[in-house]
Amino acid sequence: MPAAKKPGNAKPKKFNGEVYYPAEDVLARANLRDWEKTARRADKDFVGFWEQEATQLEWFKPWKKTLDDGKAPFYKWFVGGKLNIVHNCIERHLETPRKNKLALIWESEDGKQDRSFSFHALNREVSRMASIIHALGVKKGDRVTIYMGRIPEIIFAMLACAKIGAVHSVVFGGFSVPALRGRVQDSESKLVITCDGGYQNGKLIELKRITDEAVAQCPGVENVLVVRRTGHAVPFQPGRDHWYHEMLESPVAKDRFPTQPMDAEDPLFILYTSGSTGRPKAILHTHGGYMVGTYTTLKYVFDIKDEDRYWCAADPGWITGHSYIVYGPLLNGATSFLYEGGPTFPNPGRWWQLIERYGITILYTAPTAVRGLMRFGEDWPEQYDLSSLRLLGSVGEPINPEAWRWYYRVIGKGKTPIMDTWWQTETGMFMITPTPVVPLKPGSGTRPFFGQRAEILDETGKPVKDGDEGYLVLTRPWPSMLRTIYGDAELYKRQYWSKYPGKYMTGDSARRDEDGYYWIIGRVDDVINVSGHRLGTAEIESALITHPAVAESAAIGLPHEVKGQAVHCFVLLKPEHSASEQLAEELRQHVATVIGGIARPEEVAFVDKLPKTRSGKIMRRVLKARAQGLPEGDLSTLED
Ligand code: PRX
């Protein structure tokens, strides 16, 4: 398809390759028209840039120092400031005409129910939940695990924690018993908030039963708060378990409840993510910096306006949901849509139907969803009126140009710029991203966000030539950066700041083209990106080893048409076991049972030997090359 070659910037610069310049109407209505000027200003004084953004939000007490880098990499932002992110998400709007504007619209998977909440109503819901968890003994600084489906109460629960100063730890509702148990134990949560069940593709997910099994080995959990969603019978443990709807009827539930003033650097949440070693790590974010980062990035990148109906189709259980379903949109006073189900149930037209029904103006999703829907052809989107859309977004993995063009042409009708946002659980906010006024190249996240700098380095720390692949690092602190790994500050330093001292190691490889555009290639560590979700090879291998037939195993990621990458495992069996298709299937199911459906291996292959270094480390690189028939590279360290 020919690119829309319509230079629109005040001083149009000619970019190389397949370029989509912003159309005149996009430029005309953009909140921020002059990208270059803002970028130059922010680059010159990034601390000043963030300071100015922060003043647009409300602080109970102003900060004394915007950035304290004295103990780097333990950076602090807005030092001395007092605030609460929930005050800015909700209460701030109650003094404005937004009070009666819709904050949240929700629709159930079966399409039979919808619920919506104005900012005024959201304040009441969050206050009630906050008063209830407070009555259950949760205090400032306590951790609360949230394990729920995509229903409004998951958002109330997160905000209720933040309102009283508790630290939420949301565990994606697709994780299994051991994965949930590990996270509850590691965070030492005293309360778990869950649902009786949830729905996924018409099937009932037994959230309460999974919680029961997980919590049975978590002596620190004093209470389990259960939101009724499905109404099916679930076991109940008197004393420990509490129905949310019953507590709402009790005198402890309050329509108004005080918002705890927090220090800017007080923790807001932890969120577990996979790294290269061992178990998932809890990434810690704080009230002040995270608020400023998510507010600012969403405002400029998705160009939020009061009349928008914004839909981020992620799950609140991932960072995308935290930053851009919950906090970012509410901080901007936006109307946000939350959908309980997935993209293809009961048919592949479901998302397009919802866009028409609710007049969605901005859709933010992952390449895997685009590729998945693309397979069903253009007839499905064609049946619906998608003309309300004005911006599209992509996140989680590199978007292949073919999917980009389909998304642009079939969904966006060639008029909606696509914001390909590169960022991570650790960064909290978009780091490499366009805004609507930036010329786009399919597959590139364009350039670093205002005030950011990124470099691409070789093994020795020298910048590579433009066009060459290298390690992507970030060289300036940003307000919503992770502050530490909860409970392991040493690992925080080692994992992110030790390879190139003073520079943040992203774990990704990338290249930069002659226009300064960044192209993300993928992870360079032992992380597999399945449908935009991070899985550690170590996690999968530890799951396999708990099966009685497995002596040793190795997991790698291989390209997959829809998922981006899929998990492939190599297994060495114990002598008394023999390979069979049935055992392979049993092992695939075993991984899904230990971690969750997203980790289910595509394939399990039985081998007699795994390629190892002389020091005994599995050379996954060799397995990967072999599986794809690619050159195996340097084998000098191979054991034999
Ligand atoms: O490899 C990059 C990929 O996802 C990783 C971060 O995963 P997670 O912490 O789960 O957060 C995902 C949602 C922010 C990155 O290291 N990634 C994320 N966004 C993009 C991407 N790769 C290419 N393009 C993107 N837009």
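Heads up: the structure comes first, above all this text.
Residues numbered from 1 in each chain as written. Predicted model: local features only at pLDDT ≥ 70, side-chain atom pairs only at ≥ 80, totals over all residues. Heavy atoms only, no water.

**What about the sheet that holds strand β4 (residues 102-107)?**
Turning to step 1, where the next piece is worked out: Reading across from one edge, β5-β4-β17-β16-β18-β19-β20 is the order of the 7 strands in this open sheet, with mixed pairing throughout. Lying at the two open borders of the sheet, with one neighbouring strand each, are β5 (114-118) and β20 (418-421). Each adjacent strand pair in this sheet contributes to an overall mean axis angle of 20°, direction not counted.
Turning to step 2, where the next piece is worked out: Of the strand pairs in this sheet, β4 and strand β17 (residues 335-339) are connected by 4 bridges, and their pairing is parallel. Paired with Trp-106 across the bridge in β17 is Leu-338. (Pairing = 2+ DSSP bridges. Helix = DSSP H or I, 4+ residues; strand = E, 2+ residues; numbered from the N terminus. Axes fitted to C-alpha atoms, helices over the stretch in contact; angles between N-to-C directions.)

**Quick look at the sheet that holds strand β7 (residues 167-170)**
Turning to step 1, where the next piece is worked out: Pairing within the open sheet is mixed, and its 8 strands lie in the order β12-β11-β8-β6-β7-β14-β15-β23. Edge positions in the open sheet fall to β12 (241-243) and β23 (484-485), since each of these has one partner strand only.
Turning to step 2, where the next piece is worked out: For strand β6 (residues 143-147) and strand β8 (residues 191-195), the ladder comprises 4 bridges, and the chain directions are parallel. Residue pairing for β8: Thr-145 is matched across the bridge by Val-192.
Turning to step 3, where the next piece is worked out: On top of the sheet, helix α10 (residues 287-301) reaches β14 (267-273) and β15 (281-286); it is set at about 80° to β15, its chief contact. (Contact = heavy atoms within 4.5 Å.)

**Some remarks on unusual backbone geometry**
Turning to step 1, where the next piece is worked out: Note the cis peptide between Ala-72 and Pro-73, where omega equals 5°.
Turning to step 2, where the next piece is worked out: Mapping Pro-73 onto the fold places it in the loop between β1 (65-68) and β2 (76-79).
Turning to step 3, where the next piece is worked out: The amide bond that connects Phe-345 to the next residue, Pro-346, takes the cis arrangement and shows omega of 0°.
Turning to step 4, where the next piece is worked out: Relative to the elements of secondary structure, Pro-346 occurs in the loop between β17 and α12 (350-358).
Turning to step 5, where the next piece is worked out: In this structure, Thr-446 is a non-glycine residue whose phi angle is positive, near 65°.
Turning to step 6, where the next piece is worked out: Position of Thr-446 relative to the elements: it lies in the loop between β20 and β21 (454-457).
Turning to step 7, where the next piece is worked out: For Thr-446, a relative accessible area of 1% puts it in the buried group. (Buried < 20%, exposed > 50% of the residue type's maximum accessible area, 1.4 Å probe, protein only.)

**Here's the deal with the nonpolar core**
Where a protein is soluble and globular, its nonpolar side chains tend to be buried together.
Turning to step 1, where the next piece is worked out: Grouped together as the largest cluster of nonpolar side chains are 197 residues, with contacts concentrated most on Phe-302 and Tyr-327.
Turning to step 2, where the next piece is worked out: Dropping the residues within four chain positions of it, Phe-302 is found in contact with Thr-297, Tyr-310, Ile-362, Tyr-364, Arg-390, Leu-391, Leu-392, Gly-393, Met-419 and Phe-430.
Turning to step 3, where the next piece is worked out: In terms of nonpolar packing, the next biggest core, distinct from the first, is built from 8 residues, Ala-554, Ile-556, Phe-570 and Leu-623 among them. (Core = buried A, V, L, I, M, F, W, Y, C linked by side-chain atoms within 4.5 Å.)

**Details of the state of the cysteines**
Turning to step 1, where the next piece is worked out: For the structure on display, the rule yields 0 disulfides.
Turning to step 2, where the next piece is worked out: In this structure Cys-89 is not part of a disulfide, and its nearest cysteine sulfur, from Cys-161, lies 14 Å away.
Turning to step 3, where the next piece is worked out: Overall, the relative accessible area of 0% leaves Cys-89 in the buried class. (Disulfide = S-S within 2.5 Å.)

**What about the packing of aromatic side chains?**
Turning to step 1, where the next piece is worked out: Applying the stated criterion across every chain, the model contains 44 aromatic pairs.
Turning to step 2, where the next piece is worked out: Both rings, one in Tyr-324 and one in Tyr-364, keep their centres 6.3 Å apart while their planes meet at 75°; by these two values the pair is edge-to-face. With Tyr-324 in helix α11 (residues 319-331) and Tyr-364 in strand β18 (residues 362-365), this residue pair connects regions lying 40 residues apart in the sequence.
Turning to step 3, where the next piece is worked out: By relative accessible area, which is 0% here, Tyr-364 ends up buried.
Turning to step 4, where the next piece is worked out: Ring geometry for Tyr-364 and Phe-430: centres 5.9 Å apart, planes at 85°, overall edge-to-face. Taken together, the residues span a long stretch of sequence, with Tyr-364 in strand β18 and Phe-430 in the loop between β20 and β21 at a distance of 66 residues.
Turning to step 5, where the next piece is worked out: Relative accessible area serves as the criterion here: at 0%, Phe-430 is assigned to the buried category.
Turning to step 6, where the next piece is worked out: Joined through ring pairs, the aromatic side chains of Phe-74, Tyr-75, Trp-478, Tyr-492, Tyr-496, Trp-497 and Tyr-504 make up one cluster.
Turning to step 7, where the next piece is worked out: Above the plane of the ring of Tyr-471 lies Lys-499, whose end atom (NZ or CZ) is 4.6 Å from the centre. (Phe/Tyr/Trp six-rings, centres within 6.5 Å; stacked < 30°, edge-to-face > 60°. Lys NZ or Arg CZ within 6 Å of the ring centre and 35° of its normal.)

By themselves, these figures tell us nothing about what the structure is for.
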